[in-house]
Amino acid sequence: MPEQVSLPLIFPTPESASSDSATTVVLDADPRHPQGLPVLRLLGTAAEVASLAPAEAAALAGPHRGTPLLTEQYRPDYTRPGLRGFRPGTGTLPAGRDWSPMLQTEAITAGDGTLTIDAVDPVAGLALRTEVQTLTGGALRARHTLRNTGSDHYLLQGLEVSVPLADDHIELLDFTGRHLRERIPQRHRIADGLWDRQSRLGRPGLDSTTMLVAGTPGFDFGSGSVIAAVVATSGNSSHAVQRGPWQPAQLSAGELLQPGEIDLAPDESYTTPWVVIAARTDGLDGLADALHQWQRSLPAHTEHQPVTLNVWEAVYFDHDLAQLLRLAELAAQVGVERYVLDDGWFHLRRNDSAGLGDWWVDPTVWPDGLTPLIEKVHQLGMQFGLWFEPEMVNPDSDLFTEHPDWILQTGDRTPVPERQQQVVDLTNPAAWQHIRDSIDKVLTDNAVDYVKWDHNRPLLDAGSNTRAGAPAAHRQAEAFAALLADLRARHPQVAWESCASGGGRIDLAVIEQVQRFWTSDMTDALARQQIQRWTSQLIAPEYLGAHVSAPVSHQTRRQLGLPMRAAVAMFGAFGVEWNITKASEAELAELAEWIALYKTWRPLLHTGRVVRFTPAEDQNVQLNGVIAADRRSALLAVVQLDESMSNRGTSLKVPGLDPQARYQLSWLGGLTQQAVGGEAPHADPAGPTGGVPVTGAVLATVGFWMPRRLPQTAQLIEIQQLS
């Protein structure tokens, strides 16, 4: 049972921390306002504060340092407060009242991995509950609930969770991107002022911030002290760092609210999304590991990610049953376990300009329905998947013709079209039920095992006609989550994939409901190398769809060999996005070998710790890998992105193995290319270390030598501990 606790305190306590790397906070009273909200004096790992008594930890932070989990306007910090709102004018009372509350702590309770802070401001008529929870893997998550205890409405403009940053955490990392190139890292130094990365797309977006990381200068994958915050939302968000002349740097995060979205009537409340917070001293790989461990503890997480063939790049809108059946036969032959019919199966859908919203099988293309294909797929021993885009509608559709007001819009103005489609207003109960019932019927009438749920345009002018065109992004995100949850409950046998033009809705909210993400519409293996590497900073690799594409990429027109395409797919949720009816017998046999290899390594790949390394002396070489949880084995890929500038080769470090244990390194699948010709040294056929066992400590600090390789190639390496 939770019990009342006193300040200062350490949460979680050293005795209850899951490990030395568990994220830990030191909470103390604010010396400037002792009855107000407590402040976080320190935020770090359990190992960093374990030897400190709470009072010592608070004292070491300095008498005037610290950040409340919720910052307020009255504090003499002169930075953007975490609580922003006011009361509208009523009668003779002016607008803007209660804009600067002073919350007073009523109770602090802790128990069962949860810390709760209750506070009130009886003058402003507001009550706040802040919850902090421990997560499997060592991260924390926090959220606020604000309740209006006053007698009239309160318009909330912003409510964010804040945490302090240490003085030496002066370098920031977040992400940007675009369609076909998601998760581009960007770095800069903290300066005085506000750095605020906002998502206003109604979804995280292809340019998603993904997470905001602050760390010691030069932090990288395997080293550096880092702190990260992630807003667990499928809607709009804000991730910010600010520092002022009087205020040390702080990191804050929350939902980005549009004007009037949260209008709290008396006794109504608003709860922020969870903000996941993690502190590590072992760099970005440590942060990723903390998040991956939590994701693997989720009820929706699947222990077995099937090899998937998606027919989109094989047939596009050409749904010819004979060709689709032949694809299914070849898919089963090479070892595919799930077959997905993508866009084009429903009413009017011969191209991307019509049909969205009309969720029934088009009899002109499928006179016997989907049954012949589904039965064949199941007879071949594979699951059957189907594509939907539930939140979208084409103007050329029966749904739009009958209900033109069922779209998100501001007043009578139709939003600028994108991809020839608009967004269904799921905050309208009638529209929500129509979409739910339509999809429910398809899933009831057909033996579907898997749904690819797409979302191909951002929200623009996203108001609701049910509220006179007032903003609806917040409610739309809630309605999407409710729709997905409802359909999951009705069809528990179905697995779900989140897709939004590829990587536009990859977040820590939807992950609690889905089993897979479509990482990017870019299937070129060379481009995918960076996309997958950085998306796995947030999401465990078994969620991230990674498909072997055609020999010539449909996006870049680049030609890549099958070993490169398959080796990159190995480190995600392996799939095929290729018209294999055009593959040769030799290519089919080689693809089958890769799929068999993936299945052999799947248990390790989907449970182990991700490790990444880029040598400072050669940025054209990258190492990606996964180390088993027991550290007895590992699988690595060395990728030569482009030409190296020298013939020296490079040393590649592998942190995370048992320092005392001895390991054997071997080329997996043989040495695909021993030398590039000329004066470049050859790789040793006996293995990366010439057959000589080495310790985990040597691999972490010295590494193994890799010669220059041909550009756009990959080599797998197996590591096994010697008994």
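First, a word on what this report is: a plain description of the structure on this page. (Residues numbered from 1 in each chain as written. Predicted model: local features only at pLDDT ≥ 70, side-chain atom pairs only at ≥ 80, totals over all residues. Heavy atoms only, no water.)

### Notes on the overall build of the protein
1) Next: Across its full length, the protein holds 13 helices and 41 strands.
2) Next: Its C-alpha radius of gyration of 27 Å places the protein within 12% of the 27 Å reference for a compact globule of 723 residues.
3) Next: Seen along its three principal axes, the alpha-carbon backbone of the protein occupies a region of about 80 × 70 × 45 Å.
4) Next: Here the protein, with 723 residues, has 59% of them falling under the buried criterion.
5) Next: Put simply, 71% of the contacts in the protein that link residues at least 6 apart link residues at least 24 apart.
6) Next: Put simply, the protein shows about 26,300 Å² of open surface, and 52% of that area lies on carbon and sulfur atoms.
7) Next: Computed over 57 positive and 84 negative side-chain charges, the separation of the two mean positions in the protein equals 4 Å. (Helix = DSSP H or I, 4+ residues; strand = E, 2+ residues; numbered from the N terminus. Rg over C-alpha atoms; globule rule 2.2 N^0.38 Å. Buried < 20%, exposed > 50% of the residue type's maximum accessible area, 1.4 Å probe, protein only. Contact = heavy atoms within 4.5 Å. Areas by Shrake-Rupley, 256 points an atom, 1.4 Å probe, with all protein chains shown as cover. Lys, Arg positive; Asp, Glu negative; His and termini not counted. Charge placed at Lys NZ, Arg CZ, Asp CG, Glu CD.)

### What about the sheet that holds strand β3 (residues 23-28)?
1) Next: Strand order in the open sheet formed by four strands is β2-β3-β4-β5, with antiparallel pairing between adjacent strands. Sheet topology places β2 (9-11) and β5 (67-68) at the edges, where each strand pairs with a single neighbour.
2) Next: Where strand β4 (residues 39-45) and β5 come together, two bridges link them in antiparallel fashion. By the bridge assignment, Leu 40 is partnered in β5 with Thr 67. (Pairing = 2+ DSSP bridges.)

### So, the packing of aromatic side chains
For any pair of aromatic rings, the description rests on two quantities: the centre-to-centre distance and the angle between the ring planes.
1) Next: Counted according to the given criterion, the structure contains 16 aromatic pairs.
2) Next: Each ring, one from Trp 345 and one from Trp 359, has its centre 6.1 Å from the other, and the planes form 40°; the classification is tilted. Of this pair, Trp 345 sits in the loop between β23 (338-341) and α6 (371-379) while Trp 359 sits in the loop between β23 and α6, and the two are 14 residues apart along the sequence. In this pair, the class of Trp 345 matches that of Trp 359, namely buried.
3) Next: With centroids separated by 6.1 Å and ring planes inclined at 55°, the aromatic side chains of Trp 453 and Trp 496 adopt a geometry described as tilted. Of this pair, Trp 453 sits in strand β27 (residues 450-453) while Trp 496 sits in strand β30 (residues 495-498), and the two are 43 residues apart along the sequence. (Phe/Tyr/Trp six-rings, centres within 6.5 Å; stacked < 30°, edge-to-face > 60°.)

### Remarks on unusual backbone geometry
Generally, phi is negative for residues other than glycine and the peptide bonds are trans, each holding for most cases.
1) Next: Omega for the bond connecting Leu 7 with Pro 8 falls within 30 degrees of zero, at -5°, which places this linkage in the cis form.
2) Next: In this fold, Pro 8 is placed in the loop between β1 (3-4) and β2.
3) Next: With an omega of -15°, the peptide bond running from Phe 11 to Pro 12 counts as cis.
4) Next: Relative to the helices and strands, Pro 12 is located in the loop between β2 and β3.
5) Next: In this structure, Arg 631 takes a positive phi of about 65° despite not being glycine.
6) Next: With respect to the element layout, Arg 631 can be found in the loop between β35 (621-627) and β36 (633-640).

### Details of the sheet that holds β30
1) Next: Spatial strand order, β22-β23-β24-β27-β30-β31-β32-β33: eight strands in a closed barrel with parallel pairing. On average, adjacent strands in this sheet sit at an angle of 30° to one another, irrespective of strand direction.
2) Next: Taken together, the four bridges between β27 and β30 define a ladder with parallel strand orientation. What sits directly across from Lys 452, in β30, is Glu 497.
3) Next: Helix α9 (residues 473-490) contacts β27 and β30 of the sheet and is inclined by roughly 170° relative to β27. (Axes fitted to C-alpha atoms, helices over the stretch in contact; angles between N-to-C directions.)

### What about the environment of Glu 391?
1) Next: Its location among the elements puts Glu 391 in the loop between β24 (383-388) and β25 (392-393).
2) Next: Residue classification places Glu 391 among the buried residues on the basis of a relative accessible area of 2%.
3) Next: With 322 residues separating them along the chain, Glu 391 and Thr 713 place their C-alpha atoms 40 Å apart.
4) Next: Separated by 2.8 Å, the side chains of Glu 391 and Arg 505 make a polar contact. (Polar contact = N/O pair within 3.5 Å; in protein donor to acceptor, adjacent residues only side chain to side chain.)

### Overview of helix α10 (residues 525-535)
1) Next: Across the eleven residues that make up α10, a large majority, eleven, are buried.
2) Next: Along α10, the residues that are buried comprise Ala 525, Leu 526, Ala 527, Arg 528, Gln 529, Gln 530, Ile 531, Gln 532, Arg 533, Trp 534 and Thr 535.
3) Next: The residue sitting at the N-terminus of α10 and contributing the capping side-chain oxygen is Asp 524; that oxygen lies 2.8 Å from the backbone nitrogen of Leu 526.

### Let's talk about the pattern of salt bridges
1) Next: The final tally for this structure, using the stated rule, is 40 salt bridges.
2) Next: Residue Glu 329 pairs with Lys 376 through a salt bridge whose shortest N-O separation is 3.7 Å. Highlighted residues: Glu 329 in helix α5 (residues 321-334) and Lys 376 in helix α6, separated in sequence by 47 residues.
3) Next: Its salt-bridge partner being Arg 490, residue Asp 440 comes within 3.6 Å of it at the nearest N-O pair. Linking Asp 440 in helix α8 (residues 429-445) with Arg 490 in helix α9, this pair joins segments that are 50 residues apart in sequence. (Salt bridge = Lys/Arg side-chain N within 4 Å of Asp/Glu carboxyl O.)

### What about α6?
1) Next: Looking at α6, one finds that the buried residues are Leu 373, Ile 374 and Val 377. Seen from one end, α6 has its buried residues packed into an arc of 95°, which puts them on one side.
2) Next: In this structure, the buried residues of α6 make contact with α5, β23 and β24.
3) Next: Of the residues flanking the end of α6, it is Gly 381, one or two places downstream, whose phi is positive at about 85°. (Arc of directions from axis to C-beta.)

### Quick word on the pairing of strand β8 (residues 114-121)
Looking along a regular strand, one sees side chains alternate from face to face of the sheet.
1) Next: Among the eight residues of β8, six are classified as buried, and the element is accordingly described as predominantly covered.
2) Next: Between the antiparallel neighbours strand β7 (residues 104-111) and β8 lie two residues, among them Asp 112 with a positive phi of about 55°.
3) Next: Taken together, β8 and the strand that follows it, strand β9 (residues 126-134), pair antiparallel across an intervening segment of four residues, in which Gly 125 is found at a positive phi of about 70°.

### Focus: the side chain of Asn 579
1) Next: Within the fold, Asn 579 resides in the loop between β33 (573-577) and α12 (585-605).
2) Next: Among the residues examined, Asn 579 registers a relative accessible area of 8% and is labelled buried.
3) Next: Of the polar contacts made by the side chain of Asn 579, one reaches the backbone oxygen of Ala 314; its length is 3.5 Å.

### Focus: the environment of Val 510
1) Next: Within the secondary structure layout, Val 510 lies in the loop between β30 and β31 (516-518).
2) Next: Using a relative accessible area of 3% as the deciding quantity, one classes Val 510 as buried.
3) Next: For Val 510, the residues in contact, after removing those within four places along its chain, are Ser 234, Phe 480, Leu 484, Ser 498, Arg 505 and Phe 517.

### Some details on the packing of α10 against helix α11 (residues 562-569)
1) Next: Direction vectors running N to C along α10 and α11 enclose 20°, while the axes themselves pass 9 Å from each other. The angle between the axes of α10 and α11 places the two elements in the roughly parallel class. Considering the relative orientation of α10 and α11, their crossing is left-handed. Residues Ala 525, Leu 526, Arg 528, Gln 529 and Gln 532 of α10 touch α11, and the partners they reach there are Met 564, Arg 565 and Val 568.
2) Next: Grouping the constituent residues of the contact of α10 with α11 by class yields four nonpolar, two polar and two charged. (Parallel < 35°, antiparallel > 145°, perpendicular 65-115°, else oblique. Left-handed = near helix turned anticlockwise from the far one by under 90°. Nonpolar A, V, L, I, M, F, W, Y, C, P; charged D, E, K, R; others polar.)

### Examining the nonpolar core
1) Next: Counting 127 residues, the largest nonpolar core has Tyr 339, Leu 341, Trp 345 and Leu 508 as the members making the most contacts within it.
2) Next: Looking at this core, the element that brings in the most residues is α12, giving eight residues.
3) Next: Leu 9, Leu 43, Ile 227 and Ala 229 belong to the second largest nonpolar core, which has 31 residues in total. (Core = buried A, V, L, I, M, F, W, Y, C linked by side-chain atoms within 4.5 Å.)

### Notes on the pairing of strand β15 (residues 212-215)
1) Next: Burial of β15 is two-sided: the residues Leu 212 and Ala 214 facing one way and the residues Val 213 and Gly 215 facing the other way are all buried.
2) Next: Where strand β12 (residues 171-178) meets β15, three bridges bridge the pair, whose relative direction is antiparallel. Within β15, the position partnered with Leu 173 by the bridge is Val 213.
3) Next: Bridging between β15 and strand β16 (residues 226-231) involves four bridges; their strand directions are antiparallel. Looking across to β16, one finds that Ala 214 is bridged to Ile 227.

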